[in-house]
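In case you want the letters, here they are:
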There are 2 protein chains.
Amino acid sequence: MLDIRFEKTTAPKQIPGKEDPLTFGTIFTDHMFIMNYETGKGWHDARVVPYQPIVLQPSAMVFHYGQEMFEGLKAYKTAEGKTLLFRPDKNIERANRTNERICIPTIPEEDFLQAIKAVVKADEAWIPEKEGTSLYIRPFIIATDPFLGVRPSDTYMFIIILSPVGAYYPEGLNPVKIWIEDEYVRAVKGGIGEAKTGGNYVASLKSQVKAHDAGYSQVLWLDGVERKYIEEVGAMNIFFKINGTVVTPMLNGSILPGVTRDSVIALCKEWGIPVEEKRISIDDIFEAAHNGTLEEVWGTGTAAVISPVGHLRWGEHVMQVQDGGIGPVSQKLYDTVTGIQTGKVEDTLGWTVEV
Amino acid sequence: MLDIRFEKTTAPKQIPGKEDPLTFGTIFTDHMFIMNYETGKGWHDARVVPYQPIVLQPSAMVFHYGQEMFEGLKAYKTAEGKTLLFRPDKNIERANRTNERICIPTIPEEDFLQAIKAVVKADEAWIPEKEGTSLYIRPFIIATDPFLGVRPSDTYMFIIILSPVGAYYPEGLNPVKIWIEDEYVRAVKGGIGEAKTGGNYVASLKSQVKAHDAGYSQVLWLDGVERKYIEEVGAMNIFFKINGTVVTPMLNGSILPGVTRDSVIALCKEWGIPVEEKRISIDDIFEAAHNGTLEEVWGTGTAAVISPVGHLRWGEHVMQVQDGGIGPVSQKLYDTVTGIQTGKVEDTLGWTVEV
Ligand SMILES: Cc1ncc(COP(=O)(O)O)c(C=O)c1O
Ligand SMILES: Cc1ncc(COP(=O)(O)O)c(C=O)c1O
C-alpha cells in the first residue's frame, strides 16, 4: 500500500467543454502521479502533484540509451457517474514484463493500480462523457542516472499523466487503409518487440512516414526473419476473418500482447466464432483476398479499440476486404467492448474496475 | 555558418587535477551547446550556455517513443597544447544517417562541426592530458513535442555535452572476456541497428547484465536472422586475426559503422596486413580457436579505442585467443591510433582536425 502525498494544483486549467472536439494526446489534466526509484531504497516518494515539467540532467540515461517504458489504458464515465478502468491488471502485468525485459525495477501490482486510481480520482472531472471519448492514462518510467556508459540505471521516475481524448484515427470507425511494409522491420524474436518501450516505436517512424505520404494511415509489419509472416500494426494488433474463422498472429516474442487483442479473442470464443492464434503468412491473406474469403479485417488497440481495415497494400498488390465497410463482427466487437468499458453492456467477464 | 551566442558560466566548477583518477562519463564540464528545431523554422538559436538541466513536458515524445540519437567522439591535447578532434567528419556523417533513419531533421555538416568546436573551445581547460585520458564529446538530439501519438516530432533539441574521461573499461588495455549471446538479439537487417539511437542500447541491457553476472565484461551479438553470424560488441566493432588475415564483419545494415573500425581497416591496409570485411560465422571462429589459428581478437570503439579480447564464451564452449595477452597488431593499432589522436604520431591520413 503506497502512502501517496497529494499536492493539489493552485492553478486549475480549463476543462474542455462537453461539445469541444477532442483530439488524441494533446491536452493534459491538472495533476500527475510521480514516484522515484533508487537502488537500495526501492520505489519511494509516491505523490500526486500539479502537472509540471520534468527536470533532468542532460546526461540522464533516458536521453541516450532509451531505457524507458510506457503503458496506455483508459478511464470511462458511466451514465450513473461511476469511473471505470478497463482491465488495468493486464496493463500492469505487461508493464512489469516490459520492465523485466529492459532491466527496469518492477512495481508491485497493487501499488501500480493504487497510483492509477489516485491520479484518476484527482482529475475525475476531466473524464469526458461524449460517445467515443475517454480519459487516456499514460503510465511511463524513465531512467535518470546522469551517466554516459551503457548499463541499467540506478535511478528512475515512474510517472502517470492523463489526457482527455477523442478518436485516435481521424477516420473514426471508418475503414482505414493499411500499408504492408516490405523494406523495414520493426522487431525480431529475441529483441524487444514484445515490450512496450520507445525503441520499437522509433523503429517504425520511417515506414509510417512513407505510408502516410502514399495515403495510408497505418503500417502492417512482417516478421524480421522470413519477411513473410504478419506481425502487427503500428499501435494495434491485427485480426482477419477468413471464411468464417477469425485469425490473428500468435504471440511469438516480437509483437505486443495487446489487451484489446486478448479481449477480442475472449469475446469471439464466447460468441462461438472460431478463433485461431497462429502464424499467418502474407500469402495466405493475399489468397483469401483474391478468392473472396477475406470477410473482415480489423486492428485492436486501446487508442482506437476496434479499427476496421478496408484495403491493404503489399508492394504492387492491393487487397480489398470483402465489402470495404465495417463488417458485422468488427461492429459487434466495437459495440461490446466500448459498451463494457462505459458500463452500457453487462460486464460478465469482470473486466472493469471501479475507481 | 551558425551564429552561436555564448553565455559564460558565473559558477565555474572545479576542474579535476592532473593526478585525479578519471572514470567514464560521470563528470561534465562548465558549458554545453544547445540548438532548437521547429518545423517551418529549422534549426535555430544556437548557443553555448552553462551546463544545466533540461526541462521538458512529461508528454515530450523522447520519453515515450525513443526518438533520440547520439554520437560520441573525443578531443585530445597535444604536447604542444593544441586541441585535436579525431575524424569528426565521420561522426557527423553518421549522425545525419541516424537522423534520416529515425526521421530527425539533419544538421548541416559544417554547422555541426562548428558547434562541436565552439563548446570544446569554451571548455578547453577541461581536456585532461594524462596518457589514456581525453575529453569525451557527446552530441545528442531529443524529440520534444508534447504529444502522445506515434509520429515524428516537430520540435527537437540538439545538445552537446563534454566529459573528461579515463579508461572506459576498468581493465584498460588488458584483455577482456566476451560473452557470445545466443538468446537475445540486438538488431536485425531492416531495423535500426546501424543507427546510433537509444533503442539499440536498451535492447542490449538484459544480455549485458547476464554476461556481467557471469564475469564477462562485454556481449558479442550474433545476427537476428540465422543467429550464427558475428555482428558486434555492446559498444565496439570486433576484429579477428586468423592465420595472418584480419577479418571483421561487413557492414550489413544491422551493425554500427564504427569510426575506429574504419580507421583500423585503413591502417591495416596501409601496413600491408590482409584485411577482409565479410560475413563471419561463429563456427569459423570456433574452428580457428581450436586449430590454433585465432591469433588476435580486439574490439574497436571511441571509448576504449582498441580493446584486446583474450577469451570468448559461446554457450558451453570457451575459446581462448592464442596467447591470451595483447597481440602485436592490437598493440600497434592502439599505439598508432592514440598516437595520431594526441599528435605523437604523424597524421599522414589527415584524420585530425584542430579546434
Ligand atoms: C505496437 C502495439 N501493438 C499493439 C497495441 C495494442 O495493445 P492494447 O490493446 O493493449 O492497447 C499497441 C498499443 O497499445 C501497440 O503499441
Ligand atoms: C553499438 C556500437 N558499435 C560500435 C561502436 C564503435 O563505433 P566508433 O568506433 O565510431 O566509436 C559503438 C560506439 O561508438 C557502438 O555503440
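These numbers were taken from a predicted model, which means no experiment stands behind them. (Residues numbered from 1 in each chain as written. Chains lettered and ligands numbered in written order. Predicted model: local features only at pLDDT ≥ 70, side-chain atom pairs only at ≥ 80, totals over all residues. Heavy atoms only, no water.)

Of the regular secondary structure elements, chain A holds eight helices and 19 strands. A compact globule built from 355 residues should have a C-alpha radius of gyration of about 20 Å, and chain A, at 21 Å, falls within 12% of that. The principal-axis extents of the C-alpha atoms in chain A amount to approximately 60 × 50 × 35 Å. A total of 355 residues make up chain A; the buried ones form 62% of that total. Counted over contacts in chain A with a minimum sequence separation of 6, partners at least 24 positions apart contribute 70%. Carbon and sulfur atoms provide 50% of the accessible area of chain A, an area that totals close to 13200 Å². (Helix = DSSP H or I, 4+ residues; strand = E, 2+ residues; numbered from the N terminus. Rg over C-alpha atoms; globule rule 2.2 N^0.38 Å. Buried < 20%, exposed > 50% of the residue type's maximum accessible area, 1.4 Å probe, protein only. Contact = heavy atoms within 4.5 Å. Areas by Shrake-Rupley, 256 points an atom, 1.4 Å probe, with all protein chains shown as cover.)

It is worth spelling out the site of ligand 2 at this point. Residue and element names in this part refer to chain B. Neighbouring ligand 2 are 16 residues, the closest being Tyr201, Glu232, Val259, Thr260 and Thr302. Contact distances for ligand 2 include 2.5 Å between an oxygen atom and a side-chain N or O atom of Tyr201. Within the contact set of ligand 2, an oxygen atom lies 2.6 Å away from a side-chain nitrogen or oxygen of Thr260. Against a free-state accessible area of 380 Å², the protein chains account for coverage of 96% of ligand 2. Elements that contribute at least two residues to the shell around ligand 2 include exactly α6 (259-270) and β16 (294-301). A class-by-class count of the residues in the shell around ligand 2 yields five nonpolar, seven polar and four charged. (Near = heavy atom within 4 Å. Polar contact = N/O pair within 3.5 Å; in protein donor to acceptor, adjacent residues only side chain to side chain. Nonpolar A, V, L, I, M, F, W, Y, C, P; charged D, E, K, R; others polar.)

Moving on, we come to the UniProt feature "modified residue: N6-(pyridoxal phosphate)lysine" (unreviewed entry) in chain A. Residue and element names in this part refer to chain A. Per the UniProt record, "modified residue: N6-(pyridoxal phosphate)lysine" (unreviewed entry) is found at Lys196. Position of Lys196 among the secondary structure elements: in the loop between β10 (176-180) and α4 (198-202). Judged by its relative accessible area of 11%, Lys196 falls in the buried class. Apart from the residues lying within four places of it in its own chain, the contact partners of Lys196 are Glu68, Met69, Phe70, Glu71, Gly72, Arg94, Thr98, Tyr201 and Leu256. (UniProt positions renumbered as here; feature names shortened; annotations may be inferred.)

For the rest of this paragraph, the subject is the packing of α6(B) against helix α8 (residues 328-341) of chain B. All names here are of chain B. Axis separation between α6 and α8 bottoms out at 11 Å; the angle between their running directions is 110 degrees. Classed by the angle they form, the pair α6 and α8 counts as roughly perpendicular. As for how α6 packs across α8, the hand of that crossing is right-handed. Contact with α6, carried on its side by Val264, Leu267 and Cys268, involves Leu333, Thr336 and Val337 of α8 and no other residues of that element. The residue makeup of the contact of α6 with α8, split by class, is five nonpolar, one polar and no charged. (Axes fitted to C-alpha atoms, helices over the stretch in contact; angles between N-to-C directions. Parallel < 35°, antiparallel > 145°, perpendicular 65-115°, else oblique. Left-handed = near helix turned anticlockwise from the far one by under 90°.)

Glancing now at the packing of helix α2 (residues 88-101) of chain B against helix α3 (residues 109-122) of chain B. Residues and elements named next belong to chain B. α3 packs onto α2 with a crossing angle of 125 degrees between their chain directions and a minimal axis gap of 10 Å. When the axes of α2 and α3 are compared, the pair comes out oblique. For α2 against α3, the interelement crossing comes out right-handed. Residues Pro88, Ile92, Glu93, Ala95 and Asn96 of α2 touch α3, and the partners they reach there are Glu109, Phe112, Leu113 and Ile116. A class-by-class count of the residues in the contact of α2 with α3 yields six nonpolar, one polar and two charged.

In this section: the interface of chain B and chain A. Chain B puts 61 residues into the contact, and the matching count from chain A is 61 residues. Scanning the region where chain B abuts chain A turns up zero salt bridges. Counting every contact that joins chain B to chain A gives 20 residue pairs in polar contact (both at pLDDT 80 or more). Split by residue class, the side of chain B that touches chain A holds 35 nonpolar, 17 polar and nine charged. Bridge count for strand β4 (residues 54-56) of chain A against strand β4 (residues 54-56) of chain B is three bridges, and the pairing is antiparallel. Looking across to β4(B), one finds that Val55(A) is bridged to Val55(B). (Salt bridge = Lys/Arg side-chain N within 4 Å of Asp/Glu carboxyl O. Pairing = 2+ DSSP bridges.)

Bringing unusual backbone geometry into the picture now. With a phi close to 45 degrees, Arg87(A) is a non-glycine residue in the positive phi region. Looking at the element boundaries, Arg87(A) is found in the loop between β7 (83-86) and α2 (88-101).

Residue and element names in this part refer to chain A. The environment of ligand 1 is made up of 16 residues, and the closest members are Tyr201, Glu232, Val259, Thr260 and Thr302. Between ligand 1 and Tyr201 there is a distance of 2.4 Å, counted from an oxygen atom to a side-chain nitrogen or oxygen. In this structure, Thr260 approaches ligand 1 through a side-chain N or O atom, which is 2.6 Å from an oxygen atom. When ligand 1 sits alone it has 380 Å² of accessible area, and the protein chains cover 96% of it. Among the elements of the structure, α6 (259-271) and β16 (294-301) are those that each provide at least two residues to the shell around ligand 1. Across the shell around ligand 1, the residue classes tally to five nonpolar, seven polar and four charged.

Here the focus is the side chain of Asp123(B). Residues and elements named next belong to chain B. Its location among the elements puts Asp123 in the loop between α3 and β8 (134-143). Here Asp123 sits buried without a salt bridge, and the closest side chain of opposite charge, Lys8, lies 7.2 Å off (N-O distance). Polar contacts involving the side chain of Asp123 include one to the main-chain amide nitrogen of His31, which spans 2.8 Å. (Lys, Arg positive; Asp, Glu negative; His and termini not counted.)

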